[in-house]
Amino acid sequence: MRIHLLAVFLVALFVPALVAQPTPLVFHAALTGNNVVGGGASANGFATATLTINGSLATLDVTTLGLTNITGVTLFVGAPGTDGAAIKTFSDVNNGFVNGHFNGTATLDPGVI
């Protein structure tokens, strides 16, 4: 009887760990016009961004202050201060900035994750 109880305890202890969902990756950034290579550096512009990667889905939430006419949101890879390669554009004609705020979800290529 003790062996059966031990086996049940061990199964109850380890099975939840085997089926647990992976923890999303979350990245936060504070941005100024100087952060964008060739971006024209807005003296009054500021933005905060949160990128959450959960499996192959990436959700980007951006809030801006002092910026106007924002035409798009694209995720780049590369060292700071360099002209990195574009990985994914989140904005499109149906989903863009509204009153300085953007929120969008896109599927990332598995090679990027």
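This write-up is about the structure you can find in this document. (Residues numbered from 1 in each chain as written. Predicted model: local features only at pLDDT ≥ 70, side-chain atom pairs only at ≥ 80, totals over all residues. Heavy atoms only, no water.)

**Notes on the overall build of the protein chain**
Put simply, the rule reads: Only DSSP runs of H or I with at least four residues qualify as helices, and only runs of E with at least two residues qualify as strands; both kinds are numbered from the N terminus onward. Buried, partly exposed and exposed residues are distinguished by accessible area as a fraction of the type maximum, computed with a 1.4 Å probe on protein chains only: under 20%, between the cut-offs, and over 50%, respectively. Whether two residues touch is decided by their heavy atoms; if any such pair falls within 4.5 Å, the residues are in contact. Shrake-Rupley sampling with a 1.4 Å probe provides the accessible areas, and residues are treated as covered by the protein chains on show and by no other component.
Looking only at helices and strands, the protein chain features 1 helix and 6 strands. When its helices and strands are written in sequence order, the protein chain yields α-β-β-β-β-β-β. Going through the 113 residues of the protein chain one by one, you find that 16% of them count as buried. A fraction of 41% describes how many contacts in the protein chain between residues 6 or more apart in sequence connect residues 24 or more apart. For the protein chain, the accessible surface area stands at approximately 8,300 Å², while carbon and sulfur atoms represent 62% of it.

**Focus: the nonpolar core**
Our working rule: Take the buried residues of types Ala, Val, Leu, Ile, Met, Phe, Trp, Tyr and Cys, join any two whose side-chain atoms come within 4.5 Å, and each joined set is a nonpolar core.
Ala 47, Ala 49, Leu 51, Ile 53, Ala 58, Leu 60, Val 62, Val 73, Phe 90, Phe 102, Ala 106 and Leu 108 together form the largest nonpolar core, which totals 12 residues. Listing elements by their share of this core, those giving two or more residues are β2 (46–54), β3 (57–65) and β6 (101–107). Residue contributions to this core peak at 4 residues, all from β2.

**Re the packing of aromatic side chains**
As a reminder, the rule being used: Only Phe, Tyr and Trp rings are paired, with Trp represented by its six-membered ring, and only when their centres lie within 6.5 Å; those with planes under 30 degrees apart are stacked, over 60 edge-to-face, the remainder tilted.
The full count for this structure, using the stated rule, is 1 aromatic pair. Ring centres of Phe 97 and Phe 102 lie 5.7 Å apart, and the angle between their planes is 40°; on these two criteria the pair is classed as tilted. In this structure Phe 97 comes out as partly exposed when scored by relative accessible area, which is 21%.

**Details of the sheet that holds β2**
Stated precisely, the cut-off is as follows: If DSSP finds at least two bridges between two strands, the strands pair. Convention adopted: a line fitted to C-alpha atoms gives each axis, helices being fitted over their contacting stretch, and angles between N-to-C directions are expressed from 0 to 180 degrees.
With respect to topology, 4 strands assemble into an open sheet ordered β1-β2-β3-β6, the strand pairing being antiparallel. Edge positions in the sheet fall to β1 (25–32) and β6, since each of these pairs with one other strand and no more. In this sheet, neighbouring strand axes are inclined to one another by 15° on average, regardless of whether the strands run parallel or antiparallel. In this structure, β3 lies alongside β6, joined through 7 bridges in antiparallel fashion. In the strand pairing of β6, Thr 63 is matched with His 101.

**Notes on unusual backbone geometry**
In the Ramachandran plot, Asn 99 falls in the positive-phi region, its phi being about 50° despite a non-glycine side chain. One can find Asn 99 in the loop between β5 (85–89) and β6. Residue class for Asn 99 comes out exposed when judged on its relative accessible area of 82%.

**As for the side chain of Thr 64**
Take Thr 64: it is sitting in strand β3. Given a relative accessible area of 9%, Thr 64 falls into the buried group. With residues near it in sequence (within four places) discarded, Thr 64 still touches Phe 46, Ala 47, Ile 70, Phe 97 and Gly 100.

**Observations regarding the environment of Ser 56**
Looking at the secondary structure, you find Ser 56 in the loop between β2 and β3. Accessibility expressed as a relative area gives 33% for Ser 56, which makes it partly exposed. Here the alpha-carbon distance between Ser 56 and Pro 110, two residues 54 residues apart in the chain, equals 6.6 Å.

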